[in-house]
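Architecture at a glance
Read off the chains here:
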Amino acid sequence: MRALQKKFYIETFGCQMNVFDSERIIYIMEKEGYVRTSDPECSEIILINTCSVREKAENKLFGHIGNLKSLKIKKPGLLICIGGCTAQNKSAEIINKFPYVDIVFGTANINKLPDLISERLLKNRSVCDTGDFPETFDYLYDFKRQYSFKALLPIMIGCNNYCSYCIVPFVRGRERSAGFDQIIKTAEKLAGEGVVEITLLGQNVNSYGQDLKTGHENFAKLLSEISQIKALKRIRFMTSHPGDFNEDIIDVISENNNIMNHVHLPLQAGSDRILKKMNRHYTSADFKKIYYMIKEKIPDCAVTTDIIVGFPEEKEEDFLKTLKLVKELRFNRAFTFIYSTRKGTSAELLEDSVSADTKRLWFRNLLELQNKISLEENMKLVGKKLKVLVEGYSLKNNQLEGRLENNLIVNFRGDEEMIGKFIKLKITDAKSFYLKGKISE
Ligand code: SAH
Ligand code: SF4
Ligand code: F3S
């Protein structure tokens, strides 16, 4: 008789890089003989991959770990493992606050997970390893894809920009690029396995290669080389930093049909005074120059962005500059955030001078404006026939979800066999964040 297989449960918070890291964790756990379950109550190991970009994410996590205590009491053999960016940043706090947590592991030593589990079982006390950020990427491409037809592929990890508000350089280390050939080989392998869409990931994806010291490996060249893999029908990349975005990249996108017409280009603020305090290394005029260069060379390129409101010492006149720029540039979508002080960042030293009420008001004003713009832009697509890659069922309404070239989701009625395939839809209706469609010939 086969022994009962041990089960693990995993939960992921944060950005695409964390989603990818969870794919690495799943690969490792399955290699160790564990089977994934969607029910934490049935698992022998619970893994939580955490994000620390804003305080809210951290507080939610702490509440969540607190809730696991009752499960641990019911099932003392259960191993609770906390990984990711908050684990990297606050390992001691996690162990002190929650003594029933078994393992805390950092962002750079995921491959040590089996050793940490053995150590925990042997020593019968909590183990913590947040390690050093390695120079090489030996294990980076051992991962278990969530989808058979699309894949995430980090090409660089870490960040050298030190935007004054941001914790990422502290929890991910300095920029390290994967080898050019290693990336191309992996992309070819994925294409050979039936992957048609690939998203190149990096905290600052377009500064790829700057640390490789060969002097001739850069993001535009990498993108161009990957686009030669013709089985890859859709190539995406994120996140781009406006300071490193250039004409070469725009040319490569416009010259290759399989590179999607979508750029996520975080603006963060419309006021030069605030951009300077944020240490973003560009002015609103620099941003506009890149934006209009993209639109001129690729007229139907979607541009999405991130914006922070309520940065320390931000005045109403600064905020109004953000609103004005958002009105002018008409992003397809903006992810908007209320400033959150992060310990250890240089902005922590500035006075968090904007009141909570003002932050909320500005946030609402910006959101209202952007929702209106997104809706107006999306309405322009109604009546058009466009191709989506079908990703699966929508959680909301049991309909299928497909993604357009510009990264927008379209809901439509269709059959399960369509998942993973390209389908032509007629767009029938638009909302601020998604579209509705029906199958078209
Ligand atoms: N590397 C990317 C994304 C970093 S995190 C970039 O440079 O754009 C994603 C977004 O979270 C950021 O673009 C920023 O808008 C927001 N963010 C980061 N730190 C924050 C903080 N302390 N408070 C509020 N929002 C923050
Ligand atoms: Fe954070 Fe700035 Fe780096 Fe983005 S570029 S990860 S916002 S420090
Ligand atoms: Fe969060 Fe870490 Fe990503 S802090 S946004 S999960 S790099």
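Keep in mind it's a predicted model, so treat the numbers as computed, not measured. (Residues numbered from 1 in each chain as written. Chains lettered and ligands numbered in written order. Predicted model: local features only at pLDDT ≥ 70, side-chain atom pairs only at ≥ 80, totals over all residues. Heavy atoms only, no water.)

So, the sheet that holds strand β5 (residues 103-105)
On the basis of which strands lie adjacent, the open sheet formed by six strands has the order β2-β1-β3-β4-β5-β6 and parallel pairing. Looking at strand neighbours, the two that pair on one side only are β2 (35-36) and β6 (127-129), the edges of this open sheet. As paired strands, strand β4 (residues 79-84) and β5 are joined by two bridges and run parallel to one another. What sits directly across from C81, in β5, is I103. Across the sheet, helix α1 (residues 16-31) is in contact with β1 (7-12), β2, β3 (45-50) and β5; its angle to β1 comes to roughly 175°. In the packing of helix α6 (residues 113-123) onto the sheet, the strands contacted are β3, β4, β5 and β6, and the crossing angle to β5 comes to about 155°. (Pairing = 2+ DSSP bridges. Helix = DSSP H or I, 4+ residues; strand = E, 2+ residues; numbered from the N terminus. Contact = heavy atoms within 4.5 Å. Axes fitted to C-alpha atoms, helices over the stretch in contact; angles between N-to-C directions.)

A look at the packing of aromatic side chains
In this structure the tally under the stated criterion is 13 aromatic pairs. Centroid distance F311 to Y339: 5.3 Å. Interplanar angle 70°. Geometry classified as edge-to-face. On the criterion of sequence distance, the pair formed by F311 in the loop between β13 (302-309) and α13 (316-329) and Y339 in the loop between β14 (333-338) and α14 (356-379) is long-range, its members being 28 residues apart. Across this residue pair, the class does not change: F311 and Y339 are buried. Cluster of aromatic residues (ring-pair linked, three or more members): Y282, F287, Y291, Y292 and F331. (Phe/Tyr/Trp six-rings, centres within 6.5 Å; stacked < 30°, edge-to-face > 60°. Buried < 20%, exposed > 50% of the residue type's maximum accessible area, 1.4 Å probe, protein only.)

Quick word on the sheet that holds strand β12 (residues 262-264)
Here we have three strands laid out as an open sheet, ordered β12-β13-β14, and parallel in their pairing. The open sheet terminates on both sides in strands that have one partner only, identified here as β12 and β14. When strand polarity is set aside, the average angle formed by the axes of neighbouring strands in this sheet is 15°. Taken together, the six bridges between β13 and β14 define a ladder with parallel strand orientation. Its bridge partner being in β14, I307 is matched across the sheet by T336.

What to know about the pairing of strand β11 (residues 234-238)
With four of five residues buried, β11 lies mostly within the body of the structure. In this fold, strand β10 (residues 197-201) hands off to helix α9 (residues 219-226), which returns the chain to β11; that crossover is right-handed. (Right-handed = clockwise from strand over helix to strand, strands pointing away.)

Concerning the nonpolar core
Membership of the largest hydrophobic core comes to 77 residues, with the highest contact counts inside it found for L223, F237 and F245. Tallying contributions element by element places helix α8 (residues 180-192) first for this core, with six residues. Taken together, domain 2 (135-260) and domain 3 (264-278 + 290-379) each give at least three residues to this core, which thus spans both. When neighbours within four sequence positions are excluded, L223 is seen to be in contact with L200, I235, F237, I249, V252, I253 and I259. (Core = buried A, V, L, I, M, F, W, Y, C linked by side-chain atoms within 4.5 Å. Domains from an automatic or database assignment.)

Structural notes on a positive patch on the surface
Residues K230, K233, K385, K387, K424, K426 and K438 make up a contiguous surface patch of positive charge. Of all the elements in the fold, those that place two or more residues in the positive patch are β15 (385-393) and β18 (422-430). Here K387 is to be found in strand β15. (Patch = residues over 30% accessible without salt bridge, like charges linked within 9 Å, V, L, I, M, F, W, Y side chains within 5 Å. Areas by Shrake-Rupley, 256 points an atom, 1.4 Å probe, with all protein chains shown as cover. Salt bridge = Lys/Arg side-chain N within 4 Å of Asp/Glu carboxyl O. Lys, Arg positive; Asp, Glu negative; His and termini not counted. Charge placed at Lys NZ, Arg CZ, Asp CG, Glu CD.)

Things to note about the pattern of salt bridges
What the rule picks out here adds up to 28 salt bridges. Here R330 makes a salt bridge to E376, at a shortest N to O gap of 2.7 Å. Of this pair, R330 sits in the loop between α13 and β14 while E376 sits in helix α14, placing them 46 residues apart in sequence. Using a relative accessible area of 28% as the deciding quantity, one classes R330 as partly exposed. Of the residues examined, E376 reaches a relative accessible area of 32% and is grouped as partly exposed. Salt bridges here are not isolated pairs; linked through shared partners, they connect E58, K90, E93, K97 and R342.

Brief notes about the site of ligand 1
Near ligand 1 there are 15 residues, and of these Y165, Q203, Q268, D306 and S340 occur at the shortest range. A distance of 3.0 Å separates an oxygen atom of ligand 1 from a polar atom in the side chain of R54. The separation between an oxygen atom of ligand 1 and a polar side-chain atom of D306 is 2.7 Å. Look at ligand 1: alone it shows 540 Å² of surface, and the protein chains cover 89% of it. Elements with a minimum of two residues in the shell around ligand 1: β13 and β14. Taken together, the residues of the shell around ligand 1 sort by class into seven nonpolar, four polar and four charged. (Near = heavy atom within 4 Å. Polar contact = N/O pair within 3.5 Å; in protein donor to acceptor, adjacent residues only side chain to side chain. Nonpolar A, V, L, I, M, F, W, Y, C, P; charged D, E, K, R; others polar.)

A few points about the site of ligand 3
Inspection of the region around ligand 3 gives G14, C15, N18, C51, S52, V53, C85, R172 and Q203 as its neighbouring residues. The class makeup of the residues in the shell around ligand 3 is four nonpolar, four polar and one charged.

Thoughts on the side chain of S164
Along the chain, the position of S164 falls in the loop between β8 (156-157) and α7 (168-172). In this structure S164 comes out as buried when scored by relative accessible area, which is 4%. Among the polar contacts listed, one links the side chain of S164 to the backbone oxygen of K277, at a separation of 2.7 Å. Every residue in contact with S164, bar those within four places of it in the chain, is listed here: K277, M278, N279, F311, T345, S346 and A347.

As for the domain arrangement of the chain
Partitioning the chain into structural domains gives domain 1 (7-129), domain 2 (135-260), domain 3 (264-278 + 290-379) and domain 4 (385-439). Here domain 1 and domain 3 have C-alpha centroids that lie 33 Å from each other. The interface is formed by five residues belonging to domain 1 together with four residues belonging to domain 3. When the two sides are added together, the surface that domain 1 and domain 3 hide from each other amounts to roughly 420 Å², 44% of it contributed by carbon and sulfur. The largest per-residue losses of area from domain 1 upon contact with domain 3 belong to V53, R54 and E55, which jointly make up 75% of the total buried on that side. (Buried area = accessible area lost by both parts, 1.4 Å probe.)

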